[in-house]
Amino acid sequence: MPNLSTNTPTAELQAADAAHHMHPFTHAAGLAKKGARIITRAEGVWLNDSEGHRILDGMAGLWCVNVGYGRETLVEAAAKQMRELPFYNTFFQTSHVPAIALAERLAQLAPGDLNHVFYSCSGSEANDTNLRLVRTYWAEKGQPDKQWIISRWNAYHGSSVGSGSLGGMKGIHAQGGMPIPGIAYIDQPNWWSEGGDLSPEEFGLERARQLEAKILELGPENVAAFIAEPVQGAGGVIVPPDTYWPEIQRIVDQYGILLIADEVICGFGRTGNWFGSQTMGIRPDIMTVAKGLSSGYQPIGGSILSDKVAEVIGNCEFNHGYTYSGHPVACAVALENLRILDDEGIVTRVREETGPYLKEKFESLTEHPLVGEAKIVGMMGSIALTPDKASRAAFEAEAGTVGYITRERCFANNLIMRHVGDRMIISPPLVISKDEIDELIKRAWQSLDEAHVKLKDEGLMKAAVRN
Ligand code: PMP
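Residues numbered from 1 in each chain as written. Predicted model: local features only at pLDDT ≥ 70, side-chain atom pairs only at ≥ 80, totals over all residues. Heavy atoms only, no water.

Participant: Describe the overall build of the protein, naming the residues involved and giving the relevant values.
Facilitator: Helix and strand counts for the protein come out as 17 helices and 15 strands. Computed over C-alpha atoms, the radius of gyration of the protein comes to 22 Å, within 12% of the 23 Å expected from 2.2 N^0.38 for 467 residues, which places it in the range of a compact globule. A buried classification covers 54% of the 467 residues belonging to the protein. Within the protein, contacts between residues at least 6 apart in sequence are counted, and of these 71% link residues at least 24 apart. A total accessible area of about 20300 Å² is found for the protein, and carbon and sulfur atoms account for 52% of it. Put simply, the protein has 42 plus and 57 minus side-chain charges, and the middle of one group is 3 Å from the middle of the other. (Helix = DSSP H or I, 4+ residues; strand = E, 2+ residues; numbered from the N terminus. Rg over C-alpha atoms; globule rule 2.2 N^0.38 Å. Buried < 20%, exposed > 50% of the residue type's maximum accessible area, 1.4 Å probe, protein only. Contact = heavy atoms within 4.5 Å. Areas by Shrake-Rupley, 256 points an atom, 1.4 Å probe, with all protein chains shown as cover. Lys, Arg positive; Asp, Glu negative; His and termini not counted. Charge placed at Lys NZ, Arg CZ, Asp CG, Glu CD.)

Put into structure tokens, the structure is as follows:
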């Protein structure tokens, strides 16, 4: 029986990892050849690996560690709750204090009349819940044909069968008999790659009006809801043009379609407000939350419903739930996490101080020869890599080749920056300081320089032919 610990040599851990641990979204054989990087500890915005490197986490784990690593009071909240009541279900007419207190707090924080929380353990589960919620809502209102849900290509809403179908990622759809029926997709508001000769403002309207066209094609009497991230995250941090969301709001209002805002990344301060819906000025009927809700210290997600939706759902028995819906330890940790975000003024600081500072520095990356546009809202940002800025050209090499090379340089320079295709993205812990922002930008610039040299050496700075 192996006795693995953080003192075990890296190669041994990597071998055991490759032999027994299947990683999400990973080509296992490829990873087995090079070995996973083993993360051992973390503090603030810094990770340590088993080789003694100190790595700047520009992704907050997986867009989630909003209050940073090493928060003792979150540890205490979990331990206290585990001693008092480690688990009890909320299915059979029972409740407990952490689930109640967190729901009340979320109702206070959420905008408008979003006052009712249905818990899950992840963003995927919460979106599966939403899929059934919106269809049940219309059936209960006597309009059982209102079942279609409209989403967007390149949206990410999770990878379970329901949420992966709600998302518009073709790679996910290609495996396992997806998407399920009854979901339609419109194009994303990605001006850099798809805007052609339109101005960003014209393009934002054009993409929003695809929703109206799709509703009319399906028939408004058959459409239940539109789901979208206020700012697409996993799709490459696509910040929509200013004209986009007001037009979407007009359309869902006009045709009586429910709006689901997937706040899994945008929620809890990421965009400089408590929720991305506030930053984008929209009024969702349901919000999906997870990730930053507990800063990733515990797995927890949820759907926050408006009074209107909750009232209808409340009049039937909704045959849905998860063993760990409203898990007391996860709720206690989330509650403490919200207290930290509030008491330390973290959301306000992102909006007024560190967010604007990061924006200025991040946008300066466009001075690099490899970088076309830089887009950032609060603390989620992306840069588009390009062989030719003026024409907003894509690379001739297969999409993602250049992004991967650049990501490898970041990794080598102890900066976690992810690539989505040929966009490089950041989403650091919200507590990142100005000095740490300077360090992030310095390492990003150096990695871009190194990637640029490699691309030139390998003849990869060629533009794709536009079609
Ligand atoms: N929605 C969005 C917008 C997300 O970014 C994610 C995860 N990246 C999910 C849903 C799925 O969340 P989870 O991985 O917790 O299932």
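Participant: Just give me the short version of the site of the ligand, but keep the residues and values in it.
Facilitator: Neighbouring residues of the ligand: S122, G123, S124, N127, Y156, H157, G158, E229, D262, V264, I265 and K291. Contact between the ligand and K291: a nitrogen atom at 3.0 Å from a side-chain N or O atom of the residue. Summarising the interface, the protein chains cover 84% of the accessible area of the ligand, which totals 390 Å² for the free molecule. The greatest single-element share of the shell around the ligand, amounting to three residues, is contributed by helix α6 (residues 123-140). In the shell around the ligand, the residues fall into three nonpolar, six polar and three charged. (Near = heavy atom within 4 Å. Polar contact = N/O pair within 3.5 Å; in protein donor to acceptor, adjacent residues only side chain to side chain. Nonpolar A, V, L, I, M, F, W, Y, C, P; charged D, E, K, R; others polar.)

Participant: Help me get a handle on the domain arrangement of the protein, residues and values and all.
Facilitator: Domain boundaries in the protein define domain 1 (37-67 + 346-457) and domain 2 (72-343). The distance between the C-alpha centroids of domain 1 and domain 2 comes to 26 Å. Across the boundary between the two partners, domain 1 contributes 32 residues, which contact 34 residues of domain 2. For the pair domain 1 and domain 2, the summed buried area comes to about 2700 Å², and 64% of that belongs to carbon and sulfur atoms. Contact with domain 2 buries area across many residues of domain 1, yet W63, M380 and R392 alone supply 28% of it, more than any other trio. Where the side of domain 1 that touches domain 2 is concerned, the elements lending two or more residues are α3 (60-63), α15 (346-363), β11 (371-377), β12 (380-385), β14 (418-420) and β15 (423-426). Counting residues per element, the side of domain 1 that touches domain 2 draws most heavily on β11, at five residues. (Domains from an automatic or database assignment. Buried area = accessible area lost by both parts, 1.4 Å probe.)

Participant: Could you give an account of the pattern of salt bridges, with specific residues and numbers?
Facilitator: Tallied over the entire structure, the rule returns 25 salt bridges. With a closest N to O distance of 3.9 Å, K361 and D438 form a salt bridge. Taken as a pair, K361 in helix α15 and D438 in helix α17 (residues 434-457) lie far apart in primary sequence, 77 residues in all. Overall, the relative accessible area of 31% leaves D438 in the partly exposed class. (Salt bridge = Lys/Arg side-chain N within 4 Å of Asp/Glu carboxyl O.)

Participant: Could you give an account of the packing of α15 against α17, naming the residues involved and the relevant values?
Facilitator: With their axes 10 Å apart at the nearest point, α15 and α17 run at an angle of 20° to one another. With respect to each other, α15 and α17 are oriented roughly parallel. Crossing handedness for the pair α15 and α17: right-handed. Within the contact between the two elements, α15 uses E353, T354, Y357, L358, K361 and F362 and α17 uses K434, I437, D438 and I441. (Axes fitted to C-alpha atoms, helices over the stretch in contact; angles between N-to-C directions. Parallel < 35°, antiparallel > 145°, perpendicular 65-115°, else oblique. Left-handed = near helix turned anticlockwise from the far one by under 90°.)

Participant: Please give an account of the packing of aromatic side chains that cites residues and values.
Facilitator: Inspection of the entire model under this criterion finds eight aromatic pairs. Arranged with centres 5.8 Å apart and planes meeting at 65°, the rings of F91 and F92 form a pair that is edge-to-face. F91 sits in the partly exposed class, given a relative accessible area of 43%. On the accessibility criterion, F92 (65% relative accessible area) is exposed. Sitting over the ring of W138, K146 keeps its end group 4.5 Å from the ring centre. Sitting over the face of the ring of F411, R407 holds its NZ or CZ atom 5.1 Å from the ring centroid. (Phe/Tyr/Trp six-rings, centres within 6.5 Å; stacked < 30°, edge-to-face > 60°. Lys NZ or Arg CZ within 6 Å of the ring centre and 35° of its normal.)

Participant: Tell me about unusual backbone geometry, and please be specific about residues and values.
Facilitator: A cis geometry characterises the amide bond from M178 onward to P179, with omega recorded as -5°. In this fold, P179 is placed in the loop between α8 (170-173) and β6 (183-186). Of note, the phi angle at F25 is positive, near 45°, even though the residue is not glycine. Take F25: its relative accessible area is 63%, and that puts it in the exposed class. One non-glycine residue with positive phi stands out, namely N154, at about 70°. Assignment of secondary structure puts N154 in the loop between β5 (148-152) and α7 (161-166).

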